[in-house]
Amino acid sequence: MFTLTRRQLLYGVTSLAAGGILAACAPKQEQPAPAPEQPAEKPAEKPAEQPAAPAAKEKVLVKYHVFWNQIQACEPAFRATDEWKAMEESGLEIEFGTGRGGDAGKTAVAAGTPPDVGDLGFQLDFAIGGKLLDVMPYVDASSKVSPEMFFEENWKGANWAGMQYGVPAHECYVRRGLNMNKRMIEEAGLDINNPPVTWEETFEWNRALTKFDAAGNLLQFGLDPYDAEGGATASADGWIMAEMWDIKPFDEATGAFNLNDEKFVEAVDVFSEFYRFLGPDNLQGVRSVEGQGTWGGSFNSEVQAMIIEGYWHPGETFKEKPEVSEYNVATWVPMPEFRRGDKIQVFSGHPCVMFKEGTNVQHSFPIVEWLQTKACCDIIFNEIGWLPAVKEYVANVDGSKFPGLQFYLDSAKDFTHAYGEAVIPIRTFISTKFTQYREQAYRDAMTAKEAMDAWQKDVETEWEESGWKDQWPPQ
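The following paragraphs examine the structure supplied in this document.

So, how was this worked out
Residues numbered from 1 in each chain as written. Predicted model: local features only at pLDDT ≥ 70, side-chain atom pairs only at ≥ 80, totals over all residues. Heavy atoms only, no water. Helix = DSSP H or I, 4+ residues; strand = E, 2+ residues; numbered from the N terminus. Buried < 20%, exposed > 50% of the residue type's maximum accessible area, 1.4 Å probe, protein only. Contact = heavy atoms within 4.5 Å. Areas by Shrake-Rupley, 256 points an atom, 1.4 Å probe, with all protein chains shown as cover. Patch = residues over 30% accessible without salt bridge, like charges linked within 9 Å, V, L, I, M, F, W, Y side chains within 5 Å. Salt bridge = Lys/Arg side-chain N within 4 Å of Asp/Glu carboxyl O. Lys, Arg positive; Asp, Glu negative; His and termini not counted. Charge placed at Lys NZ, Arg CZ, Asp CG, Glu CD. Pairing = 2+ DSSP bridges. Axes fitted to C-alpha atoms, helices over the stretch in contact; angles between N-to-C directions. Arc of directions from axis to C-beta. Polar contact = N/O pair within 3.5 Å; in protein donor to acceptor, adjacent residues only side chain to side chain.

On to the overall build of the protein chain. Along the protein chain, the regular secondary structure elements total 21 helices and 16 strands. For the protein chain, the proportion of its 475 residues judged to be buried stands at 60%. Across the protein chain, contacts joining residues at least 24 apart in sequence account for 77% of those joining residues at least 6 apart. Accessible surface for the protein chain amounts to roughly 18,600 Å². Of this, 48% is attributable to carbon and sulfur atoms.

Taken together, Glu200, Glu262, Glu266 and Asp269 make up a surface patch of like negative charges. In this structure, Glu200 sits in helix α9 (residues 199-209).

On to the sheet that holds strand β12 (residues 306-308), then. In space, the 3 strands of this open sheet follow the order β12-β7-β13, with antiparallel pairing throughout. What marks the edges here is a single partner per strand, and that holds for β12 and β13 (328-331). Each strand axis lies, on average, 25 degrees off the axis of its neighbour in the sheet, ignoring direction. Sheet topology note: the strand β7 (residues 178-181)/β13 ladder contains 4 bridges and is antiparallel. Each residue of the ladder has a partner; that of Asn181, found in β13, is Asn328.

Outside of glycine, negative phi angles account for most residues, and trans bonds account for most peptide bonds. Residue Pro473 is bonded to the preceding Trp472 through a cis peptide linkage, with omega at -5 degrees. Positioned with a positive phi, Ala228 is a non-glycine residue whose angle comes to about 50 degrees. With respect to the helices and strands, the residue Ala228 is situated in the loop between β9 (218-220) and α10 (240-244). Ala228 sits in the buried class, given a relative accessible area of 5%. Positive phi is not limited to glycine here, since Ile426 has a value of about 50 degrees.

A word on α9. Since one α-helical turn is 3.6 residues long, residues separated by three or four positions face the same way. Every buried residue belonging to α9 is among Trp199, Thr202, Phe203, Trp205, Asn206 and Leu209, and all of these are buried. Angularly, the buried residues of α9 cover 160 degrees about the axis, an arc narrow enough to put them on a single face.

With respect to topology, 5 strands assemble into an open sheet ordered β2-β1-β3-β15-β6, the strand pairing being mixed. Edge positions in the sheet fall to β2 (92-97) and β6 (167-170), since each has one partner strand and no second. Sheet twist, expressed as the average angle between the axes of neighbouring strands with direction ignored, equals 30 degrees. As paired strands, β6 and strand β15 (residues 350-354) are joined by 3 bridges and run antiparallel to one another.

Let us look at the side chain of Asn179. If you trace the backbone, Asn179 turns up in strand β7. On the accessibility criterion, Asn179 (0% relative accessible area) is buried. For Asn179, the side chain forms a polar contact with the side chain of Tyr408, separated by 2.7 Å. Here Asn179 is in contact with Phe299, Ala305, Met306, Ile307, Glu309, His313, Pro314, Asn328, Val329, Ala330 and Tyr408, once residues within four sequence places are set aside.

Okay, structure coming up:
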């Protein structure tokens, strides 16, 4: 397993203490917060247009860094491709760095020593802080990259205040699916071909799949609804409760929040029932065991029978635990009863960006183009199981390669409602506060209504004190 994951960066787990590092995004004095959550004097001011990258005539060092570690296994194959060799022959010397995100990545950007191109995991924050180039001049001059190549939601997700700050490139595609262990489900007497479609039905499956020992300790469970993608809140992977319960949590036109909506209250109550049944401390005990943590660990160890994950789950499970992968079956995520029959999907992913203060950033766009090539996409898909946002490539993927993958490929066409990234400032604050208040609800320290009211109040206070309220919408 790798040290720094996509998930840690997605939800800010490794960066919550890294306040005050982007000079363009100074936090308020009385309560420091993660700096990228705060606006600059003019949030996301569009930089002057950049010229298309000139051909490099001498050897120029271009630093291409990413926050993932497992992609390091792809480097020898990357460098062996004709496309990579062509970039080197044109005069580029490419430094490929992995595991470069987290606090170290944010500090490098703040210090004015970022790489030229890549993905350090905080793309929206960097865009808000004015640290990225507008890539459209490069795209317009390119014969290899165009907006039409990509799924629309993926392309839009890399736009802030009218600036296209990146091109979809790393670990993109769809985010919503209920993955199930066929063996465990059939042993519980359930029909894998007739999966639950509502949360009420899913709870009954959870009950049937859960096992306790004589002392009441949790041995096996059906579903932790907040695990993995089930916990996506105001994130690059969308806002799952808002999607499922058809809530508009943030009004982009007015800057108003709607977090104590009665539908949010209902959603928190529904998810809390799973925790009350399993026992919050029981679940924590299971998670504390090595290899049974969140984001796939408990599914791989066959302690959790179902998990809400994105399209990467089939491929990653196949690579990490092939003996479990063979039982993996994917289907639509559950919906509340009033939306029975609706099928939701989220298109999102990680854009490749160009850092304004990169030493040779003007030479780096060929890397962005190379990331969209079939040669590059084939290597990443075969080695890790990740897919790009390139429509033509995905259309030709063999869904039988990894058990469960075909569902995701079909879902990108068969959905009834599509969503994208939650493009909004103070995302880490919103998500962190929700994590705190949802626990208060499932531990019955607060009612769901009290918890959502408190969440609404905290977010409104942060919105005002951070300065975003007065500067919204960004120009």
